[in-house]
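Spelled out, the chains give:
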Amino acid sequence: MAILDCLIIGGGPAGLNAAVVLGRCRRSVLVFDTRKYRNRWSHGMHNYLTRDHIPPAEFLELCQPELEKYGVQVVNRMIVRASRNEEGLFEAYDDTGECHLSRKLLVATGLSDNLPKLPGFEELYGKSVHHCPYCDGWEWRDKRIAVYAKTKDGSELCLALKNTWTDDVTYFTDGNRRIKASTLEYLEASGIRIITEPVKGLEGTDGLLQDVRLRSGELVPMDALFFVNGFTQQCNLAEAFGCAVGRKGAVITNRSQQTNITGLYVAGDASRDMHFVVVAAAEGAKAAVNINKELIKEAAERKRTQLKEDKGEMAA
Ligand SMILES: Cc1cc2nc3c(=O)[nH]c(=O)nc-3n(C[C@H](O)[C@H](O)[C@H](O)COP(=O)(O)OP(=O)(O)OC[C@H]3O[C@@H](n4cnc5c(N)ncnc54)[C@H](O)[C@@H]3O)c2cc1C
């Protein structure tokens, strides 16, 4: 079985950017991807120069010819388990049972958002319902924005929206009445309306939010909604390997995206930095350069050992 230089799990911006850098380093690389990229719900991506408002599917489509140019193949299969064999090689099994061997492993499997279970939510998500104000706040500047959160993180989001994008922010706590007195003071001083009554659902048409419906039946007219409801790793391969994980579930890496497991790298949303496409892509590039450096060092070491052995044999 051929040994790959690097196997990449996840073909979002992090995995694909790593793949293109490694491809240009003439490394043998295979990317496995299930096409469940985190922003697949989004109508258009922002904060990535030259690609303003591009639908995420189109962005990923644009990557394909570049990857092919450098000999990188993307396989649309899931990696279901991975381990390390006695020779120190990574063994990754895809969902057809096929095993793939590699010297290095990059996990770029992203996150999965916990979507509030509200009627009407999924129809509006990515169009007028969002989680990140930096990704989508501009589109709703000076409009009526709802914040939906049952946890204390909601107040931070309210203040961010109020002090950056709009004057009109309403905080829906969906039944949570336990807001700290000091937090209430901040919210009230900033003119943020708080509605603690439970939310029954979201109403709108063609992806555009019109009202937040309360349990009493009252409709509160709104143009957009931002929420905080947490997220989880999309796949637990890195954790299963014994990678150190932080308090919020992100895999801990050093500045080169290397985890505490030698040869295993994690990049993109699955690791600890900010959740942006450009950051994920940059982390992929950093991981790739460091993977290439390690491969160079290991090849030089193998040659040195070989030479020593050859010389030893000649002397004997
Ligand atoms: C609605 C929404 C809108 C957003 N808008 C923006 C925006 O405007 N600008 C911005 O910068 N960021 C935006 N983001 C954030 C952005 O989506 C992420 O930061 C980015 O996608 C992270 O890239 P990634 O490569 O780490 O992970 P992802 O893009 O999530 O890619 C991970 C890939 O790994 C694959 N995968 C997972 N497990 C396996 C496995 N076991 N085997 C094979 N494949 C696997 C998945 O199918 C997926 O394709 C948005 C996020 C959301 C949810």
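Along each chain, numbering runs from 1 in the same order as the chain's sequence is written. Only residues with pLDDT of 70 or above have their local features reported here, since the model is predicted, and side-chain atom pairs are shown and tallied only from 80 upward, although totals for entire chains, interfaces and linings are computed over all residues. For the side-chain quantities, the full set of heavy atoms in the structure was used; hydrogens and water were omitted.

## Quick notes on the side chain of Lys 162
(1) Moving on: Under the scheme used here, helices are H or I runs from DSSP no shorter than 4 residues and strands are E runs no shorter than 2 residues, and both carry numbers assigned from the N terminus. When you line up the elements, Lys 162 lands in helix H5 (residues 153–164).
(2) Moving on: Note on contacts: a residue pair qualifies if any of its non-hydrogen atoms lie within 4.5 Å across the two residues. Not counting the four nearest positions on each side in its chain, Lys 162 is found in contact with Asp 167, Val 169, Ser 190, Gly 191 and Ile 192.

## What to know about the site of the ligand
(1) Moving on: Here a residue is near a molecule or strand as soon as one of its heavy atoms is found within 4 Å of it. The local shell around the ligand holds 35 residues, among which Asp 33, Thr 34, Lys 36, His 46 and Val 277 are the closest.
(2) Moving on: A distance of 3.5 Å is found between a nitrogen atom of the ligand and a backbone nitrogen or oxygen belonging to Phe 32.
(3) Moving on: Protein burial of the ligand: of its 1000 Å² of free accessible surface, 99% is covered by the chains.
(4) Moving on: Listing elements by their share of the shell around the ligand, those giving two or more residues are helix H1 (13–24) and helix H8 (277–315). Between N or O atoms, a polar contact is any pair within 3.5 Å; within protein, one atom must be a potential hydrogen donor and the other a potential acceptor, and residues adjacent in sequence are included only when both atoms are from side chains. The Shrake-Rupley method, run with a 1.4 Å probe sphere, supplies the accessible areas, and residue values consider only the shown protein chains as cover.

## Quick word on the packing of aromatic side chains
Each pair of aromatic rings is reported with the distance of its centres and the angle of its planes.
(1) Moving on: Ring pairs shown here join Phe, Tyr and Trp side chains whose ring centres sit within 6.5 Å, with only the six-membered ring taken for Trp; geometry is labelled stacked below 30 degrees between planes, edge-to-face above 60, and tilted in between. Within this structure, the stated rule accounts for 7 aromatic pairs.
(2) Moving on: Both rings, one in Phe 121 and one in Phe 227, keep their centres 5.1 Å apart while their planes meet at 80°; by these two values the pair is edge-to-face. In this pair, Phe 121 sits in helix H3 (residues 121–124) while Phe 227 sits in strand S15 (residues 224–228), placing the two residues 106 residues apart along the sequence. Of the two residues, Phe 121 and Phe 227, both sit in the buried class.
(3) Moving on: Put simply, the rings of Trp 41, Phe 121, Tyr 125 and Phe 227 pair up and form one aromatic cluster.
(4) Moving on: We call a charge positioned over a ring when the NZ of a Lys or the CZ of an Arg lies within 6 Å of the ring centre and within 35 degrees of the ring normal. In this structure, Arg 141 packs its charged tip against the face of Trp 138, placed 4.0 Å from the ring centre. The cut-offs for exposure are 20% and 50% of the maximum accessible area for each residue type, with area from a 1.4 Å probe on protein chains only; residues under the lower value are buried, those over the upper are exposed, and the others partly exposed.

## With respect to the pattern of salt bridges
(1) Moving on: Between Lys or Arg on one side and Asp or Glu on the other, a salt bridge is scored when a side-chain nitrogen of the former is within 4 Å of a carboxyl oxygen of the latter. This model, assessed by the stated rule, comprises 11 salt bridges.
(2) Moving on: For Arg 38, the salt bridge goes to Asp 269, with nearest N and O atoms at 2.8 Å. In this pair, Arg 38 is assigned in the loop between strand S2 (29–32) and helix H2 (56–69) and Asp 269 in the loop between strand S17 (264–266) and H8, connecting sequence segments 231 residues apart.
(3) Moving on: On the basis of relative accessibility, which here comes to 15%, the residue Arg 38 falls in the buried class.
(4) Moving on: Salt-bridge contacts for Asp 223 lead to Arg 144; the nearest nitrogen and oxygen are separated by 3.0 Å. One end of the pair, Asp 223, is in the loop between strand S14 (219–221) and S15; the other, Arg 144, is in the loop between helix H4 (133–136) and strand S9 (145–149), with 79 residues separating them in the sequence.
(5) Moving on: Asp 223 sits in the buried class, given a relative accessible area of 18%.
(6) Moving on: For Arg 144, a relative accessible area of 33% corresponds to the partly exposed category.
(7) Moving on: Taken together, the salt bridges that share partners define one network made up of Arg 38, Asp 113 and Asp 269.

## Here's the deal with the environment of Arg 35
(1) Moving on: Relative to the helices and strands, Arg 35 is located in the loop between S2 and H2.
(2) Moving on: With relative accessibility at 40%, the residue Arg 35 sits in the partly exposed group.
(3) Moving on: When the C-alpha atoms of Arg 35 and Ala 57 are compared, they prove to be 9.3 Å apart, with 22 residues separating the residues in sequence.
(4) Moving on: Setting aside anything within four residues of it in sequence, one finds Arg 35 in contact with Arg 40, Glu 61 and Asn 76.

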